Amino acid sequence: MTPGLWKLVLDGIWVTVQLLFLSALLAGFMSFLAGIARTSRRWVVRFLAGLYTEVFRGTSALIMIFWVYFVLPLAFGWQLVPLWAGTLALGLTYGAYGSEIVRGALNAVDPAQREGGIALGFTPWQRMRLILLPQAVPEMIPPFSNLLVELLKGTALVSVMGMGDLTFSATLVRLALQQSAEIYTYVLLIYFVLAFLLTRLMRGLEKRLKAGVGRASDSVPATETKRAATAGAGAGATAGGSAS
């Protein structure tokens, strides 16, 4: 390929990375917002979060991109640029899947942990922030890693808007060179490398989070042992005083 065509491909990779980053941020925010809301005691909050999850999980990401890019301008009179339209459609769609990951991980935490927070007088937000999330987040990383790879592959859908992502750029190069096999093989390899780097990054994050939880959990027995020993010594002293 000529330097100009290679530059077109590199620009497409950069656009794909930007779209992945922005839509992943939105998807992560919506995942935790809706996932935590689905564990709320208020039925209205659970209903709204469940409605969002079912709507966006039950619709096609491709059709959602069409709707955001082509229908919203007709309904509201303003047009999103392709990057923000793709970010909004993909972020909301994959955030609905992520909300189930968050909800499942929170519900998997031992109920005794919640009861302990209540006994200590923690508010619901304190219980969530200090007790539930630190234990649930490490368990979310593997499914979130898979979801992030799916989001990477889903970014190819924005090419229908004429957005210059990797897939769209590769199509232009294919038309210029009339070489389908070579160009699409390169694209496959590029997507594989990006996905591989994402999985390595998420695996490293998972190890760090689990190591942090392990250190925290290792410090608990020592504290509890010290408290038990102090309480035992106090009880022994009281019993000795009563006997005398």
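Not measured: the values here are computed from a predicted model.

Asker: Provide a residue-level description of the packing of helix α1 (residues 3-37) against helix α4 (residues 82-108), including the pertinent values.
Answerer: Where α1 meets α4, the axes come as close as 6 Å, and the angle between the chain directions of the two elements is 40°. The angle between the axes of α1 and α4 places the two elements in the oblique class. The interaxial crossing formed by α1 with α4 has right-handed handedness. Across the contact of α1 with α4, the residue classes break down as 16 nonpolar, nine polar and one charged.

Asker: Could you give an account of the packing of aromatic side chains, naming the residues involved and the relevant values?
Answerer: According to the stated counting rule, one finds eight aromatic pairs in the structure shown. Measuring from centroid to centroid gives 6.1 Å for W6 and Y186, while their planes differ by 40°, and the two rings are tilted. Of the two residues, W6 sits in helix α1 while Y186 sits in helix α8 (residues 180-243), which places them 180 residues apart along the sequence. A residue is classified by how much of its surface remains accessible, and Y186, at 41% relative accessible area, is partly exposed. Here the aromatic rings of Y69 and F70 are separated by 4.9 Å at their centres, their planes lie at 80°, and the arrangement is edge-to-face.

Asker: So what's going on with the side chain of T167? Which residues, and what values?
Answerer: Looking at where T167 falls in the secondary structure, it is placed in helix α7 (residues 166-177). Of the polar contacts made by the side chain of T167, one reaches the side chain of Y191; its length is 2.8 Å. Beyond its immediate chain neighbours, meaning those up to four positions away, T167 contacts A156, S159 and Y191.

Asker: Before we move on, can you summarise unusual backbone geometry with the specific residues and values?
Answerer: Although it is not a glycine, Q178 adopts a positive phi angle of roughly 60°. In this fold, Q178 is placed in the loop between α7 and α8.

Asker: I'd like a rundown of the packing of α1 against helix α6 (residues 124-154), residues and numbers included.
Answerer: As a packed pair, α1 and α6 sit with axes 11 Å apart at the nearest point and diverge in direction by 140°. Between α1 and α6, the angle is such that the two are oblique. The hand of the α1/α6 crossing is right-handed. In this structure, α1 contributes T16, L20, S23, A24, S31, F32 and I36 to the contact, and α6 contributes M128, L133, V137, M140, F144, L148, L151 and L152.

Asker: Hey, could you go over the environment of R103 for me, with residue numbers and the actual values?
Answerer: By the element assignment, R103 lies in helix α4. Residue R103 is classed as partly exposed on the basis of its relative accessible area, which comes to 25%. Taking the C-alpha atoms as reference points, R103 and A37, separated by 66 residues in sequence, lie 8.5 Å from one another. Setting aside chain neighbours within four positions, we find R103 in contact with G35, R38 and T39.

Asker: With reference to specific residues and values, describe the pattern of salt bridges.
Answerer: Tallying each qualifying case throughout the model produces six salt bridges. A salt bridge links E100 to R103; the shortest N-O distance between them is 3.0 Å. Of this pair, E100 and R103 both sit in helix α4, three residues apart, which is roughly one turn of that helix.

Asker: A description of helix α3 (residues 61-76) should follow, citing residues and the corresponding values.
Answerer: If you check α3, its first and last C-alpha atoms are 21 Å apart, about what 16 residues at 1.5 Å a residue would give, namely 22 Å. Its axis deflected by about 35° at F70, α3 carries its strongest bend there, up to four residues before the proline P73. Tucked into the core, α3 has its buried residues touching α2 (43-57) and α4. Its side-chain oxygen at 3.2 Å from the backbone nitrogen of L62, S60 defines the N-terminal cap of α3. Phi turns positive one or two residues past the end of α3, at G77, with a value near 80°.

Asker: Let's hear about a nonpolar patch on the surface: which residues, and what values?
Answerer: Taken together, the side chains of W43, V44, F47, L48, L51 and V55 define a hydrophobic patch exposed on the protein surface, amounting to about 610 Å² of accessible area. With respect to the helices, strands and loops of the structure, W43 is situated in helix α2. With relative accessibility at 60%, the residue W43 sits in the exposed group.

Asker: Give me the confidence of the model for the chain: which residues, what numbers.
Answerer: The share of residues in the chain with pLDDT of 70 or more is 86%, and the mean pLDDT across the chain is 84. Between residues 215-244, whose pLDDT stays under 50, and residues either more than four places distant or in other chains, the model counts zero contacts.

Asker: Describe α7, with residues and values.
Answerer: Taking 1.5 Å as the rise per residue, α7 with twelve residues should run 16 Å; its terminal C-alpha atoms sit 16 Å apart, in good agreement. Every buried residue of α7 is listed here: L166, T167, S169, A170 and V173. For α7, the angular spread of the buried residues around the axis is 160°, confining them to a single face. The backbone nitrogen of T167 has a side-chain oxygen 3.4 Å away, supplied by the residue at the start of α7, namely D165. Of the residues one or two after α7, Q178 is the one with positive phi, at around 60°.

What counts and how
Residues numbered from 1 in each chain as written. Predicted model: local features only at pLDDT ≥ 70, side-chain atom pairs only at ≥ 80, totals over all residues. Heavy atoms only, no water. Axes fitted to C-alpha atoms, helices over the stretch in contact; angles between N-to-C directions. Helix = DSSP H or I, 4+ residues; strand = E, 2+ residues; numbered from the N terminus. Parallel < 35°, antiparallel > 145°, perpendicular 65-115°, else oblique. Left-handed = near helix turned anticlockwise from the far one by under 90°. Nonpolar A, V, L, I, M, F, W, Y, C, P; charged D, E, K, R; others polar. Phe/Tyr/Trp six-rings, centres within 6.5 Å; stacked < 30°, edge-to-face > 60°. Buried < 20%, exposed > 50% of the residue type's maximum accessible area, 1.4 Å probe, protein only. Polar contact = N/O pair within 3.5 Å; in protein donor to acceptor, adjacent residues only side chain to side chain. Contact = heavy atoms within 4.5 Å. Salt bridge = Lys/Arg side-chain N within 4 Å of Asp/Glu carboxyl O. Expected span 1.5 Å × (residues − 1). Bend = angle between axes of the 7 residues up to and from the residue. Patch = residues over 30% accessible without salt bridge, like charges linked within 9 Å, V, L, I, M, F, W, Y side chains within 5 Å. Areas by Shrake-Rupley, 256 points an atom, 1.4 Å probe, with all protein chains shown as cover. pLDDT = per-residue confidence, 0-100. Arc of directions from axis to C-beta.

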